[in-house]
Each structure stands twice: as C-alpha cells, then as structure tokens.
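Single-letter residue listing:
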Amino acid sequence: MGEVAKLKGEFEKRNAKVIALSVDGVESHQGWIGDIEETQGTGVNYPIIADDDKKVSDLYGMIHPNADAKVTVRTVFLIDPNRKLRLTITYPPSTGRNFQEILRVLDSLQLTDNYSVATPVNWKDGEDVVVSPKIPTEEERSKSSPRV
C-alpha cells in the first residue's frame, strides 16, 4: 500500500484513480496505515474499503484460492472510464504485486484505445508497437501515432 501511495503521481499522470480493498476493519487500517507511514515514509493517500465481512471480495473472487481469507486480498483490477473491467491479476498471498507492470498495462490500454495498434511482449511506453492487422500500415503511419 505504501508503494501505491508513492506512485500516486504516476497514476495521476495517466488520469487513473486508485482505491484499495482490505478484509480488515477500519480500526485495523488505522494501525497499519501508521506502520506504512513509519516504515515506508509515505502516507496512504487514497481510499481504502473495509471489507471485513468479505462481501465484496467474495462477490468478485478477489481472494486467491490458496490464501487464508482472513489475511489478504491480492487481486488488482483495472477498470476503464466506461466501467469496463480491462485487467484482473490475482497474486498468491506470498507474492507481492508488481505495480510497474500495472502501470505498463495501463499505458498499453490507453495507447491501444487511442490508436489501431497493439503492444508486443515486454513493451514499455515509448517503444515500437504493432499495427492492427485490420489497418494498412501506411494508413496508420499517416496518423499522429506512436512509433510503428
């Protein structure tokens, strides 16, 4: 949660909002928010949903099948402005999330939504992209688009 707080500017650059969901109650949040501030040097600067009855996390399948449902939610959703679910990643409880990958996917989705392109394996913002097979390459190059 501290890493996400540190990346707030990166999410804002992409016009993306962050919200967390925890299977702990609000009182517990207050305790570990203090721990995050002390150990990671940042405050939690986004909303946290207290899902201590697990209604939300169970409804959306957010708890990894091998996880203790009382311990952690490790699922990340990317939802677009039209409220369409674009990405779901559920990490095992022993594995931390990779927010550089989340930002990379967000960049890819925003790019490919605006141009008729796809991003290749291990693509990073600013690298070459692939023209959609539906569009002639020269037609796409004539647009103000990323490197093709």
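Everything here concerns the structure above.
Being a predicted model, the structure only gives us computed values, none of them experimental.

A. Highlighting the pairing of strand E4 (residues 85–90). Across five bridges, the pairing between strand E3 (residues 75–79) and E4 is antiparallel. Pairing of Ile79 across the sheet is with Leu85, part of E4. Hairpin geometry of E3 and E4 is characterised by an intervening segment of five residues between the two adjacent antiparallel strands and by a positive phi of about 65° at Arg83.

B. Fine view of the side chain of His29. Within the secondary structure layout, His29 lies in helix H3 (residues 26–40). Assessed through its relative accessible area of 3%, His29 is described here as buried. In this structure, His29 is in contact with Ser22, Asp24, Ile48, Ile49 and Ala50, ignoring residues within four places of it in sequence.

C. Highlighting the nonpolar core. Among the nonpolar cores identified, the biggest contains 21 residues, and Phe11, Tyr46, Leu78, Leu87, Phe99 and Ile102 are the most heavily contacted of them. At the level of secondary structure, the elements contributing two or more residues to this core comprise helix H1 (2–6), H3, E3, E4 and helix H5 (99–114). Sort the elements by how many residues they give to this core and H5 lands first, with six residues. Apart from residues no more than four positions distant in its own chain, Leu87 is found in contact with Val76, Phe77, Leu78, Ile102 and Val105. By size, the runner-up hydrophobic cluster in this structure holds six residues, among which are Leu21, Val23, Ala67 and Val73.

The rules behind each value
Residues numbered from 1 in each chain as written. Predicted model: local features only at pLDDT ≥ 70, side-chain atom pairs only at ≥ 80, totals over all residues. Heavy atoms only, no water. Pairing = 2+ DSSP bridges. Helix = DSSP H or I, 4+ residues; strand = E, 2+ residues; numbered from the N terminus. Buried < 20%, exposed > 50% of the residue type's maximum accessible area, 1.4 Å probe, protein only. Contact = heavy atoms within 4.5 Å. Core = buried A, V, L, I, M, F, W, Y, C linked by side-chain atoms within 4.5 Å.

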